[in-house]
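Chain residues, written in single-letter form:
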Amino acid sequence: MEELREDHDDGTVARVAAIDIAKASGMVCLRVPHDTIEGRRVQKVWTVASTTNTILELGDRLVCQGVERVVMEATGSYWRPFFYLLEARGLDCWLVNARDVKNVPGRPKTDKLDAVWLAKLAERGMVRASFVPPKPVRQLRDFTRTRTVFVQERTRHKHRVDKALQDAQIKLSDVASDLFGMSGRAMLDALVAGERNPRTLADLAKGNLVKKKPALIEALTGQFEDHHARLLRLLLGTVDHLTAQLGELDRLIARTLEEITAPPDRSGTGSEPATTVSARVLAEKLDPVPGIGPATAQIILAEIGADMNRFPTPEHLVS
């Protein structure tokens with residue numbers, strides 16, 4: 001072990017570990033008080049692989065050393081296994097923003113020196129923890145972010161459907177505002193099934209589109225061939241698959257919202273006991289706010305959680 005003489009200031013953390021994280025490994029710096037010499041620090045630096053068993057072994061070692069805090073930089077998504085596994089081991093993990101722990105200009109920069117520097121900042125209380133939501137909120141975030149990606153992907157495929165129609169001189173989207181509404185989808189399915197007669201296709205119109213049959217007949221007159229039908233079948237199948245996946249995500253999100261609870265609201269002065277509420281109730285309260293719909297309300301809760309006590313001021317929240 002390498003022993004270094006350090007001065008202690010008020011507010012320092014006696015036993016700290018810092019991890020400089022890369023894709024496949026992490027450089028760990030452990031700093032603890034000397035067993036017999038007051039005021040002296042003992043430092044140990046070593047590399048650990050970012051595999052589950054190795055990180056769990058690291059957690060056991062840090063617990064045995066009585067580590068009070070483990071600090072790591074937010075490096076891509078590579079910090080997640082270290083943070084989550086060490087947190088599950090009972091360690092107090094802090095994720096810090098890289099810009100808050102920049103090295104001194106001109107100082108040599110290596111993984112080892114970065115880990116030591118981060119540990120020294122941590123033991124002096126010179127770093128701030130970034131918000132890392134609890135596990136249920138992280139799961140909700142995974143679902144809402146995946147839903148956003150699927151919605152975007154479905155929209156792209158819908159645009160490809162219209163592009164295929166335009167290539168066949170089918171101008172259905174010029175007349176039907178929603179190409180995937182009840183009438184539009186019926187016409188698309190009929191085209192895939194082999195129907196080419198514009199009048200027959202226009203007869204599938206329902207609702208307000210019934211009044212636009214002459215325009216529909218003109219729009220459905222084109223050069224739609226079997227090639228376009230095969231392409232359209234693939235695109236519509238992908239759209240339907242994504243729609244089914246989105247329905248499953250909506251069910252998972254609803255279930256996860258029920259599992260997340262907000263702490264009691266003690267801001268009132270009434271004598272009634274404060275009760276916890278589920279995140280679903282909070283989402284319903286956000287829904288009426290102008291510009292916020294059900295999906296957006298769920299995204300907000302997935303990103304910031306249901307416990308506003310984590311944010312001391314509104315400015316801290318929006319940052």
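Values in this document were obtained by computation on a predicted structure and should not be read as measured data. The numbers attached to residues start from 1 for each chain and follow its sequence in the written order. The predicted origin of the model limits local features to residues at a pLDDT of at least 70 and limits the giving and counting of side-chain atom pairs to 80 or more, whereas totals for whole chains, interfaces and linings rest on all residues. In computing side-chain values, all of the structure's heavy atoms are included and hydrogens and water are not.

A. Molecular detail of the environment of alanine 18. When you line up the elements, alanine 18 lands in strand E2 (residues 16-21). Per-residue accessibility, obtained with a 1.4 Å probe over protein chains only, is compared with the maximum for each type, and a residue is labelled buried under 20%, exposed over 50%, and partly exposed between these values. For alanine 18, a relative accessible area of 0% gives the class buried. Through-space distance from the C-alpha of alanine 18 to that of cysteine 93 is 9.6 Å; in sequence the pair is 75 residues apart. Every residue in contact with alanine 18, bar those within four places of it in the chain, is listed here: Met27, Val28, Cys29, Val71, Ala115, Leu118 and Ala119. Comment: elements are numbered from the N terminus, with helices defined as DSSP H or I runs of at least four residues and strands as E runs of at least two. The contact criterion used is simple: two residues touch if any of their non-hydrogen atoms lie within 4.5 Å.

B. Broad picture of the packing of helix H10 (residues 279-286) against helix H11 (residues 294-304). Every axis in this analysis is a line fitted to C-alpha atoms, fitted for helices over the stretch in contact. Angles between the N-to-C directions lie between 0 and 180 degrees. Close contact between H10 and H11 brings their axes to 8 Å; oriented N to C, the two are set at 130 degrees. By the angle between their directions, the pair H10 and H11 is classed as oblique. In the crossing of H10 with H11, the sense of the turn from one axis to the other is right-handed. Here Ala279, Leu282, Ala283 and Leu286 of H10 come into contact with H11, specifically with Ala297, Ile300 and Leu301. Working rule for angles: under 35 degrees goes down as roughly parallel, over 145 as roughly antiparallel, 65 to 115 as roughly perpendicular, anything else as oblique. Definitions for this section: a left-handed crossing has its near helix turned counterclockwise from the far helix by less than a right angle. A right-handed crossing has that turn clockwise.

C. A look at the side chain of arginine 141. Looking at the element boundaries, arginine 141 is found in helix H4 (residues 135-167). A polar atom in the side chain of arginine 141 sits 3.1 Å from the backbone oxygen of alanine 302. Of the polar contacts made by the side chain of arginine 141, one reaches the backbone oxygen of glutamate 303; its length is 2.7 Å. Apart from the residues lying within four places of it in its own chain, the contact partners of arginine 141 are Phe131, Pro133, Ala302 and Glu303. Polar contacts, as counted here, are pairs of nitrogen or oxygen atoms within 3.5 Å of one another; within protein the pair requires one atom able to donate a hydrogen and one able to accept it, and residues that are adjacent in sequence qualify only if both atoms are side-chain atoms.

D. Main features of the packing of aromatic side chains. The criterion for an aromatic pair is that two Phe, Tyr or Trp rings (for Trp, the six-membered ring) have centres within 6.5 Å, with stacked assigned to planes under 30 degrees apart, edge-to-face to planes over 60 apart and tilted to the rest. This model, assessed by the stated rule, comprises 3 aromatic pairs. Pairing tryptophan 79 with tyrosine 84 gives two aromatic rings, centres 5.8 Å apart and planes at 70 degrees, and the pair type is edge-to-face. Given a relative accessible area of 8%, tryptophan 79 falls into the buried group. Given a relative accessible area of 23%, tyrosine 84 falls into the partly exposed group.

E. Main features of the nonpolar core. In these notes, a set of buried Ala, Val, Leu, Ile, Met, Phe, Trp, Tyr and Cys residues joined through side-chain atoms within 4.5 Å is what counts as a nonpolar core. Residues Val161, Leu165, Leu172, Leu188 and Leu216 are the most contacted members of the largest nonpolar core, which totals 28 residues. Residues in contact with valine 161, not counting those within four places in the same chain, are Leu179, Phe180, Leu188, Leu232, Leu235 and Leu236. Membership of the second largest hydrophobic core comes to 23 residues, among which are Val28, Val32, Val42 and Val70.

F. Geometry of H4. In this scheme, a helix's expected span is set at 1.5 Å multiplied by one less than its residue total. For H4, spanning 33 residues, the distance from its first C-alpha to its last is 48 Å, which sits close to the expected 48 Å at 1.5 Å a residue. When we look at burial in H4, the residues that qualify are Val137, Arg138, Leu140, Arg141, Thr144, Arg147, His157, Val161, Ala164 and Leu165.

G. Summary view of the packing of helix H1 (residues 52-64) against helix H2 (residues 79-88). The geometry of H1 relative to H2 is characterised by a closest axis approach of 9 Å and an angle of 50 degrees between their N-to-C directions. In terms of orientation, H1 lies oblique with respect to H2. The crossing of H1 and H2 is right-handed. Listed contacts from H2 to Thr52, Ile55, Leu56, Leu58 and Gly59 of H1 are Pro81, Phe82, Leu85 and Leu86. Put simply, Ala, Val, Leu, Ile, Met, Phe, Trp, Tyr, Cys and Pro go in the nonpolar bin, Asp, Glu, Lys and Arg in the charged bin, and everything else, Gly too, in the polar bin. Within the contact of H1 with H2, the residues separate by chemical class into 7 nonpolar, 2 polar and no charged.

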